[in-house]
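Listed here are the chains, written in short residue letters.
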Amino acid sequence: MGARLWAAALPLDVGTGATCIYPILGVAEYGWNFIASDINADSLASAKHITDQNSLLKDKIECRLQSNPKQFFSGIVAETDRIDITVCNPPFHASAQDAQKGTLRKVQNLSGKKVKAAELNFAGISNELIYNGGEYAFINNMAAESKKFAKNVFWFSTLVSKQSNLKGIYKTLEAVKATKVQTITMGTGNKSTRIVAWTFLDAGEQKQWKNTRWKTK
């Protein structure tokens, strides 16, 4: 996607329970307008309360409720919307048991001792942590649905915590005929992760989008 700052961008945060983190950062750092979506009405109401009470955020973040938890963009992205990028931090685990096993492994690796139980090291609600099929199924389902909104969005993107999921994700993006796929690797200490981004716009459509919507700094 390049080291580009967008002066006028409209990103969409695809939320699963922790609404408003990305939108707050996007507004505070870059002055973007944001659409914040979530499947949890309480989370969305809390996010709206935060934005309404903050002069920096007020009227910069639009909250939209996803009433169907099986959908990602349908019911959120309107036919007339033009969204520069979608961002998402997917659920990590396929089940509560899977989440507990993952935490046990981390605690044992850090302590060097065998433990029988451990508290989750991320205090999220179930929608944030767990999805049937785990991160792999979540991203693949999202990628498949993104094809329906090929002309509404420039870049679709998501965090991918497990490197082993990349091969299958690339195959899905090839199957839905994404025109360009990019992977951005990130790391802090021993922790590594990556962002996968894709677009369905061809070169001419990308150029037109940039010329009409983006002002580079």
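Calculation criteria
- Residues numbered from 1 in each chain as written.
- Predicted model: local features only at pLDDT ≥ 70, side-chain atom pairs only at ≥ 80, totals over all residues.
- Heavy atoms only, no water.
- Helix = DSSP H or I, 4+ residues; strand = E, 2+ residues; numbered from the N terminus.
- Buried < 20%, exposed > 50% of the residue type's maximum accessible area, 1.4 Å probe, protein only.
- Salt bridge = Lys/Arg side-chain N within 4 Å of Asp/Glu carboxyl O.
- Phe/Tyr/Trp six-rings, centres within 6.5 Å; stacked < 30°, edge-to-face > 60°.
- Pairing = 2+ DSSP bridges.
- Axes fitted to C-alpha atoms, helices over the stretch in contact; angles between N-to-C directions.
- Contact = heavy atoms within 4.5 Å.

K.L.:
So what's going on with the environment of Ile85? Residues and values would help.
P.N.:
Within the element layout of this structure, Ile85 appears in strand β4 (residues 83-87). In this structure Ile85 comes out as buried when scored by relative accessible area, which is 8%. For the pair formed by Ile85 and Ser157, sequence separation is 72 residues and the distance between their alpha carbons is 7.0 Å.

K.L.:
Give a detailed account of the pattern of salt bridges, specifying residues and quantitative values.
P.N.:
In total, this model carries 5 salt bridges according to the counting rule given. Asp52 serves as the salt-bridge partner of Lys48, at 2.9 Å between the closest nitrogen and oxygen. Of the two residues, Lys48 and Asp52 are both situated in helix α2 (residues 41-52); the distance of 4 residues between them amounts to about one turn of the helix. You can call Lys48 partly exposed: its relative accessible area is 43%. For Asp52, a relative accessible area of 33% puts it in the partly exposed group. A single network of salt bridges, built from pairs that share partners, joins Glu62, Arg64 and Asp81.

K.L.:
Summarise the packing of aromatic side chains; cite the residues concerned and give the values.
P.N.:
Summed over the entire model, instances satisfying the criterion amount to 11 aromatic pairs. Seen in terms of ring centroids, Phe154 and Trp214 are 4.9 Å apart; in terms of plane orientation they differ by 35°. Their pairing is tilted. Residue Phe154 is located in strand β5 (residues 153-160), and its partner Trp214 is located in the segment after α7 (203-213); the two are separated by 60 residues in the primary sequence. For the pair Phe154 and Trp214, one class covers both residues: buried. Through a chain of ring-to-ring contacts, three or more aromatic side chains come together here, namely Phe73, Phe149, Phe156, Trp198 and Phe200.

K.L.:
Pulling in residues and values, what's your account of the sheet that holds strand β7 (residues 191-199)?
P.N.:
Pairing within the open sheet is mixed, and its 7 strands lie in the order β3-β2-β1-β4-β5-β7-β6. Looking at strand neighbours, the two that pair on one side only are β3 (61-65) and β6 (180-188), the edges of this open sheet. Shown here is a sheet whose adjacent strand axes are inclined to one another by a mean of 20°, direction ignored. Looking at chain direction, β5 and β7 are connected through 5 bridges and run antiparallel. Across the sheet, residue Val160 finds its bridge partner in β7, namely Arg194. Docked against the sheet, α2 engages β2 (34-38) and β3, running at close to 165° with respect to β3.

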